[in-house]
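The chain contents come next:
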Amino acid sequence: RTERRTLNPQFRSKSGRLVEVNTHNWRYDAADRRAHYEAKGIEVRNAPENQIAYSVGAFVRISNDDGATWTQRDLKLPPHALIQAYRDDRAYLRLDGRTILRAAYGKPVARVRHYEAWLLRSEDDGETWQFLPLAASVEASVSHGETALAQAANGDIVAMMRTEPAYGTCMRVCRSSDLGRTWSKPELTPLHGHPAHLLRLRDGRLLCTYGIRDQPIGIRACLSRDDGRSWRAGDIVVLRTGSDFKPDSGYPV
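These numbers were taken from a predicted model, which means no experiment stands behind them.

Caption draft 1: A look at the sheet that holds strand β12 (residues 143-151). With respect to topology, four strands assemble into an open sheet ordered β12-β13-β14-β15, the strand pairing being antiparallel. The open sheet has two free edges, formed respectively by β12 and β15 (187-192), since each of these has just one partner strand. Each strand axis lies, on average, 30 degrees off the axis of its neighbour in the sheet, ignoring direction. Relative to β15, strand β14 (residues 170-176) is paired through three bridges, and the arrangement is antiparallel.

Caption draft 2: The confidence of the model for the protein chain, seen in detail. In the predicted model, the protein chain carries a mean pLDDT of 92, and 98% of its residues have values of at least 70. For the protein chain, per-element mean pLDDT is lowest for helix α2 (residues 88-91), which scores 88, and highest for strand β4 (residues 51-54), which scores 98.

Caption draft 3: The arrangement of the packing of aromatic side chains in detail. For the structure shown, the criterion picks out five aromatic pairs. Centre to centre, the rings of Tyr 86 and Tyr 251 are 6.1 Å apart; their planes meet at 55 degrees, and the pair counts as tilted. Linking Tyr 86 in the loop between β7 (82-85) and α2 with Tyr 251 in the segment after β19 (237-241), this pair joins segments that are 165 residues apart in sequence. The partly exposed category is assigned to Tyr 251, whose relative accessible area is 31%. With a centroid separation of 5.3 Å and an interplanar angle of 90 degrees, the aromatic rings of Tyr 105 and Tyr 115 are classed as edge-to-face. With Tyr 105 in strand β9 (residues 100-107) and Tyr 115 in the loop between β9 and β10 (116-122), the pair connects residues that are ten residues apart, well separated along the chain. You'll find Tyr 105 and Tyr 115 in the same group, each marked buried. The lysine or arginine in question, Arg 61, covers the ring of Trp 70, its NZ or CZ lying 3.9 Å from the ring centre. Of note, Lys 107 hangs over the ring of Tyr 115, and the distance from its end group to the ring centre comes to 5.4 Å.

Caption draft 4: Structural context of the sheet that holds β4. Read from one edge of the open sheet, three strands run β2-β4-β3, paired in antiparallel fashion. Among the strands making up the open sheet, the edge pair consists of β2 (27-30) and β3 (45-47). Sheet twist, expressed as the mean angle between neighbouring strand axes with direction ignored, is 40 degrees. The pairing of β3 with β4 spans three bridges and is antiparallel. The residue of β4 that forms the bridge with Asn 46 is Ile 52.

Caption draft 5: Representation of unusual backbone geometry. Omega for the peptide link from His 194 to Pro 195 comes to -15 degrees, which places this bond in the cis form. When you line up the elements, Pro 195 lands in the loop between β15 and β16 (196-200). For the bond running from Gln 215 to Pro 216, omega is -5 degrees, close enough to zero to count as cis. If you trace the backbone, Pro 216 turns up in the loop between β17 (206-212) and β18 (218-224). A positive phi angle is found at Asn 50, which is not glycine, with a value near 55 degrees. Along the polypeptide, Asn 50 turns up in the loop between β3 and β4. Its identity as a non-glycine residue notwithstanding, Arg 111 has a phi of 65 degrees, on the positive side. With respect to the helices, strands and loops of the structure, Arg 111 is situated in the loop between β9 and β10.

About the thresholds
- Residues numbered from 1 in each chain as written.
- Predicted model: local features only at pLDDT ≥ 70, side-chain atom pairs only at ≥ 80, totals over all residues.
- Heavy atoms only, no water.
- Pairing = 2+ DSSP bridges.
- Helix = DSSP H or I, 4+ residues; strand = E, 2+ residues; numbered from the N terminus.
- Axes fitted to C-alpha atoms, helices over the stretch in contact; angles between N-to-C directions.
- pLDDT = per-residue confidence, 0-100.
- Phe/Tyr/Trp six-rings, centres within 6.5 Å; stacked < 30°, edge-to-face > 60°.
- Buried < 20%, exposed > 50% of the residue type's maximum accessible area, 1.4 Å probe, protein only.
- Lys NZ or Arg CZ within 6 Å of the ring centre and 35° of its normal.

This is how it looks when you write it as structure tokens:
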């Protein structure tokens, strides 16, 4: 056990400045406070021990002394009912000394069925942030949730998104050719499962590892040879499967 917090290496720019951007994620309050949050348009869920849970807002933390001290402030976001972020090692992408991308997902209004994927984007090393749409497929009756980001060898940004309903669905992928400002429409892949991790290999191919929660439960992987444009069913490899795997089979990296 350690009290030390390990930082994502991508937080650090060449100047040594550390920038972390994240959503507040689940916060809790007493159950009798439900009406207070719902009146603000916030989605509220039940939680154990007579509590409620809600998840709104995002923040940026910046350190100029190698993490010894930090300044933190909330970001000004458009109105939303719920916002969540995926793990830093997948959803945070520093493109250069100034450009940072951070994927998130959520609901613009309460009690709608589908999640949308969003992007927090900075062009000045974390000083200011844009809140941009990444993907929404309400007309297709699917949600886009936990999103993995990677920069392909040709410079495109690739976003592999968890798709809901959780079972029996394949992930969808979007691409950006302008460093995350705009995105292609979500395209269905043959990668049946979730969630994903993307890694660019030394030879330029993109590796996607992901869990599968339908039988047979396990961990799979697939390679893209064209900068994330296509993912072929014939390239899917079963890394691990077995009777000891539970439906929530983890978040492979």
